[in-house]
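# Structural features, examined
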Amino acid sequence: MNGGAVIARTLNDHGVRHVFTLIGGHISPILTESKKSGIRVVDVRQEADAVFAADSVSRLTGSPGVAVVTAGPGIANSITALVNAKMAQSPLIVIAGASPTVLRGRGALQDIDQPSLARHAVKAVFSIKSSCDFVRVLESAFALAQSGVPGPVLVECPIDLVYDEQLVRKWYLDKGAAAGAGTFMDRMVSWYLRRHVDRMYACDPDTMEHGRIAPSVPEPDGRGPARAAAMISRAERPVMVLGSQAVLDPGKMDVLLQSIGAMGVPVYLAGMARGLLGIGHPLQFRHRRDSALAEADLVVLAGMPCDFRLDYGRAIGAKAVVVSVNRSKRDLTLNRRPALAVNADPAEFLVACSASIVGAPNRREWIGTLRTRERQREDQIRKLAEQRTEYINPLLLLEKIDRVMGDKSVIVADGGDFVASASYIVRPRGPLSWLDPGVLGTLGVGAGFAIGAKLCRPGADVWLLWGDGAAGFSLIEFDTMVRHGIPVIAVIGNDAGWTQIARDQVEFLGDDVATALRYSNYHEVAQAFDAKGFVVNNENEIEPVLRQAVEVSRRGTPVLVNALIGKTDFRKGSISM
């Protein structure tokens, strides 16, 4: 059993069904052995997309996704995706190839200091140094990725530990035999190589026990939920904001939903929590969040820090009582000190809290006020969608997408202005049905996220909403979708520019430098890879083309709809700092 087989067996033990990769000689045994063991190996066209795909698996399943990348430039190309996963608190495992153990620092092919490069992009870096390390390191990596604040973990695996021991001995001993025929120094080199290989293979992989290490998750004590329940019971104008941490465990969605209903608190959802309450839940609100936070007498932040999304805490009224629950001790008090700070898993906390709720004041007037604002904002968006623009009004396009989208759809959001507008209009249908990059705001996550999502949810329609700028990062992955039979529906909101940047740049600086693109024929790129491509430049064509795109994807072919859109002032003044 070679090192690749040990890795594959461990991945199988953890229920890993997919490994995402871009091939390299340093990692070939890991991939071939994974395939032998029944794990589906999905090879993409650039390493960041492999990590993005693994990230989406982590988010949708609650278990770490796995990417395998080669040494040197392979891990370097993965850094952006790793940082994004760390900021988004996604638990995933990246296994990286590395140069041979005996040649580290001697100018071997693709030999760089990978741990130093990746250290700030991941929770931890583990390096396998002998056959004795495989199981211990991999089990530790899986546990750490899911413990506390989840995040990515890098496992570095040298090439001479993943190939067959006999083959590696032959490589080293042939070199040693050639050297041993010469000087005393040559004979010393031969002896050193033999001794080095013996130490590398000191343990027999067949006899290694695969003991699972349980992740460590902070649990609420009895006082925190009870205190929060008392505060909620007294509050007349409470508001709850749920972030991605609240939905880390897919198995808790039903009980979490029941608990939220029992508390009777108006809810705003962010990040991966979007869609948790489905469509039309009486406690769910999407618009005018800042107004609600400014007037609330109690704000519960569940897995949501006071970062730029809440104006660093200033969006919450100065007199409001704040309850913060978070797996991160740092985020509990970031920018604003709450009246009650609980270091715990938000879902566990809310479930415990709801069990202690005893009565509540009549909040009909408060909820009615929020509902009136909700309707007013939706009416405003509807009127803006009716305005004429050059090409299709983007808000109208998004309304049509929302109308056509089925109940089992998963939405992947990758872009600036077009995608930010989508967050106000396109409604996630249920829990774990919305994927965006997260707090880092990384462009280019789209294709990788969509590939992972479709593999996790083969019976769902996966809609990739792309800005034309963001699409440029990973349009090549239509090749991957076709080769592996992953029928995603991609819609590019093509306004021929980096509009989110251009809007403010032109106003403040009087120059559109570097923000102008073209109304390019992106659909022809998809067609070149044998996917189906459509172009839409008339509002009467939108629904027929979208419905056709859904049918084509359900027959197994990836689809790209190139929708030519105009520009609006819907998000004017939305620059973030």
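Summarised in this report is the structure supplied together with it. (Residues numbered from 1 in each chain as written. Predicted model: local features only at pLDDT ≥ 70, side-chain atom pairs only at ≥ 80, totals over all residues. Heavy atoms only, no water.)

One can describe the packing of helix H1 (residues 3–13) onto helix H2 (residues 28–36) by two numbers: an axis separation of 8 Å at closest approach and a directional angle of 50°. Considering the angle they form, H1 stands oblique to H2. The handedness of the crossing between H1 and H2 is right-handed. Side by side, H1 and H2 meet where Gly4, Ala5, Ile7, Ala8 and Leu11 of the first sit next to Pro29, Ile30, Glu33 and Ser34 of the second. Here the residues of the contact of H1 with H2 sort into 6 nonpolar, 2 polar and 1 charged. (Axes fitted to C-alpha atoms, helices over the stretch in contact; angles between N-to-C directions. Helix = DSSP H or I, 4+ residues; strand = E, 2+ residues; numbered from the N terminus. Parallel < 35°, antiparallel > 145°, perpendicular 65-115°, else oblique. Left-handed = near helix turned anticlockwise from the far one by under 90°. Contact = heavy atoms within 4.5 Å. Nonpolar A, V, L, I, M, F, W, Y, C, P; charged D, E, K, R; others polar.)

Despite not being glycine, Tyr312 shows a phi value in the positive range, around 55°. Here Tyr312 lies in the loop between strand S10 (298–302) and strand S11 (321–326). On the basis of relative accessibility, which here comes to 30%, the residue Tyr312 falls in the partly exposed class. Look at Ala496: it is not a glycine, yet its phi comes out positive at around 60°. With respect to the helices and strands, Ala496 occurs in the loop between strand S16 (489–494) and helix H21 (499–509). (Buried < 20%, exposed > 50% of the residue type's maximum accessible area, 1.4 Å probe, protein only.)

Next up on the list: helix H14 (residues 346–354). What H14 keeps buried is the set Pro346, Ala347, Phe349, Leu350, Cys353 and Ser354. Buried positions in H14, seen along its axis, are confined to an arc of 160° and lie on one side of it. Next to the buried residues of H14 lie helix H10 (223–234), strand S7 (238–242), helix H11 (253–263), S10, S11 and strand S12 (340–343). The distance from a side-chain oxygen at the start of H14 to the backbone nitrogen of Ala347 is 3.3 Å, and the residue carrying that oxygen is Asp345. (Arc of directions from axis to C-beta. Polar contact = N/O pair within 3.5 Å; in protein donor to acceptor, adjacent residues only side chain to side chain.)

The next subject is H1. The element H1 is extensively covered by neighbouring structure, given that 8 of its 11 residues are classed as buried. Listed in full, the buried residues belonging to H1 are Gly3, Gly4, Ala5, Val6, Ile7, Ala8, Thr10 and Leu11. Of the surrounding secondary structure, the elements contacted by the buried residues of H1 are strand S1 (18–21), H2, strand S3 (65–69), strand S4 (92–98), helix H7 (134–146) and strand S6 (152–158). Capping of H1 at its N-terminal end is provided by Asn2; its side-chain oxygen lies 3.0 Å from the backbone amide nitrogen of Gly4.

Moving on: the pattern of salt bridges. Side chains carrying opposite charge are able to pair once their charged atoms draw close together. One pass over the full model with this rule turns up 26 salt bridges. Arg136 serves as the salt-bridge partner of Asp133, at 3.1 Å between the closest nitrogen and oxygen. You can call Asp133 buried: its relative accessible area is 12%. The exposure class assigned to Arg136 is partly exposed, which follows from its relative accessible area of 48%. Its salt-bridge partner being Asp307, residue Arg309 comes within 2.7 Å of it at the nearest N-O pair. The buried category is assigned to Asp307, whose relative accessible area is 9%. Taken together, the salt bridges that share partners define one network made up of Asp249, Lys252, Arg327, Asp345 and Glu348. (Salt bridge = Lys/Arg side-chain N within 4 Å of Asp/Glu carboxyl O.)

Attention shifts here to the environment of Ala235. Topologically, Ala235 is positioned in the loop between H10 and S7. Looking at Ala235, the relative accessible area reads 4%, which means it is buried. For the pair Ala235 and Gly261, spaced 26 residues apart in the sequence, the C-alpha separation amounts to 16 Å. Sequence-distant contacts of Ala235, that is, excluding residues within four places in its chain, are made with Asp297, Leu298, Pro361 and Arg363.

Turning to the state of the cysteines, a few remarks are in order. According to the stated counting rule, one finds 1 disulfide in the structure shown. With its sulfur 1.9 Å from that of its partner, Cys132 forms a disulfide with Cys203. On the sign convention where negative means left-handed, the S-S torsion of about 90° between Cys132 and Cys203 marks this disulfide as right-handed. Remark: Cys203 occurs in the loop between helix H9 (184–200) and H10 and Cys132 occurs in the loop between strand S5 (124–127) and H7; sequence separation between them is 71 residues. Of the residues examined, Cys203 reaches a relative accessible area of 28% and is grouped as partly exposed. (Disulfide = S-S within 2.5 Å.)

Okay, the sheet that holds S3 next. Judged by pairing direction, the sheet is parallel, and its 6 strands sit side by side in the order S2-S1-S3-S4-S6-S5 without closing on themselves. Strands at the two margins of the open sheet, each flanked by one partner only, are strand S2 (40–43) and S5. Neighbour to neighbour, the strand axes of the sheet diverge by 25° on average, direction disregarded. As judged from the 3 bridges shared by S1 and S3, these two strands associate in the parallel manner. Following the sheet pairing, Phe20 is matched in S3 by Ala67. (Pairing = 2+ DSSP bridges.)

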